[in-house]
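Chains, contacts and geometry: an overview
Now for the letters of each chain:
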Amino acid sequence: MNARKESSGTGETNVKSSGHSVTHYLSTALLIWLFGVLVFIPIADTISAQTKVFVSLIVFISFTILLLKAVPRVKRLLEVFAIVLAKKFKFMKEEDGQIMVFKSFLQIMFIIFVYLFYFPFLNNFHPAINGIVLIVVLLWCFFLFFRILQIIL
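Summary of the structure given here.

1. Here we look at the packing of helix α2 (residues 49–88) against helix α3 (residues 95–125)
Axes are the key here: two packed helices are described by the angle between their axes and the distance separating the axes. Contact geometry for α2 and α3: axes closest at 9 Å, N-to-C directions at 170°. The angle between α2 and α3 places the two elements in the roughly antiparallel class.

Now the structure itself:
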């Protein structure tokens, strides 16, 4: 009994520490994105096209580094949110399948949000790069949605 309390306590602190680090990384990435897309890239566009691409590359790299640091913890938090949603909305008999449905749905939402944040950078580099990434994202979301339908049906 005492071991369960300790394990749930460490799990809770692990989720809290993951939440704090995710909040830190994602809020910093959001600030870099906001300043880059709304301030620095338009200023660089007034100077020259090469400067715009160079500034876009700098902001892109710094945003990507922070996002890559946050992704493993975001995946952990998505699993926790999927468990919470599965317990709240019971529409299937199997709990494991229901958790997979919510986990896949949350992954689709996260992938779409990440793509929307990368959209201005990819468009500044070249619209064709943006189109290729859009196709990859849509295929990835399609396969996740197909997995959801396979579990439900």
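Having seen the structure, we can now continue with the description.
2. A short note on the layout of surface pockets
Estimates place the volume of the largest pocket at around 450 Å³. In terms of lining residues, the largest pocket is bounded by 18 residues, among which Val71, Phe110, Ile111, Val114 and Trp140 are the most central. Looking at the lining of the largest pocket, the elements with two or more residues in it are α2, α3 and α4 (127–152). Classifying every residue of the lining of the largest pocket by side-chain character gives 15 nonpolar, two polar and one charged. By volume, the second largest pocket amounts to about 350 Å³.

3. Quick look at the side chain of Asn130
Examined against the element boundaries, Asn130 turns out to sit in helix α4. Judged by its relative accessible area of 5%, Asn130 falls in the buried class.

4. Focus on the packing of aromatic side chains
Two numbers describe a pair of aromatic rings. These are the distance of the centres and the angle of the planes. The final tally for this structure, using the stated rule, is 13 aromatic pairs. For the pair Phe63 and Tyr118, a centre-to-centre distance of 5.2 Å together with 70° between the ring planes defines the contact as edge-to-face. In this pair, Phe63 is assigned in helix α2 and Tyr118 in helix α3, connecting sequence segments 55 residues apart. Among the residues examined, Phe63 registers a relative accessible area of 4% and is labelled buried. Among the aromatic residues, those joined into a ring-pair cluster are Trp33, Phe60, Phe63, Phe117, Tyr118, Phe121 and Phe125.

Reading guide: rules and limits
Residues numbered from 1 in each chain as written. Predicted model: local features only at pLDDT ≥ 70, side-chain atom pairs only at ≥ 80, totals over all residues. Heavy atoms only, no water. Axes fitted to C-alpha atoms, helices over the stretch in contact; angles between N-to-C directions. Helix = DSSP H or I, 4+ residues; strand = E, 2+ residues; numbered from the N terminus. Parallel < 35°, antiparallel > 145°, perpendicular 65-115°, else oblique. 1 Å grid on protein atoms, 1.4 Å probe; cavity = no way out; pocket = protein on both sides within 12 Å on 5 of 7 lines; lining within 4 Å. Points joined across faces, edges and corners; volume = space filled by probe spheres on them. Nonpolar A, V, L, I, M, F, W, Y, C, P; charged D, E, K, R; others polar. Buried < 20%, exposed > 50% of the residue type's maximum accessible area, 1.4 Å probe, protein only. Phe/Tyr/Trp six-rings, centres within 6.5 Å; stacked < 30°, edge-to-face > 60°.

In short, shape yes, function no, at least from these values alone.
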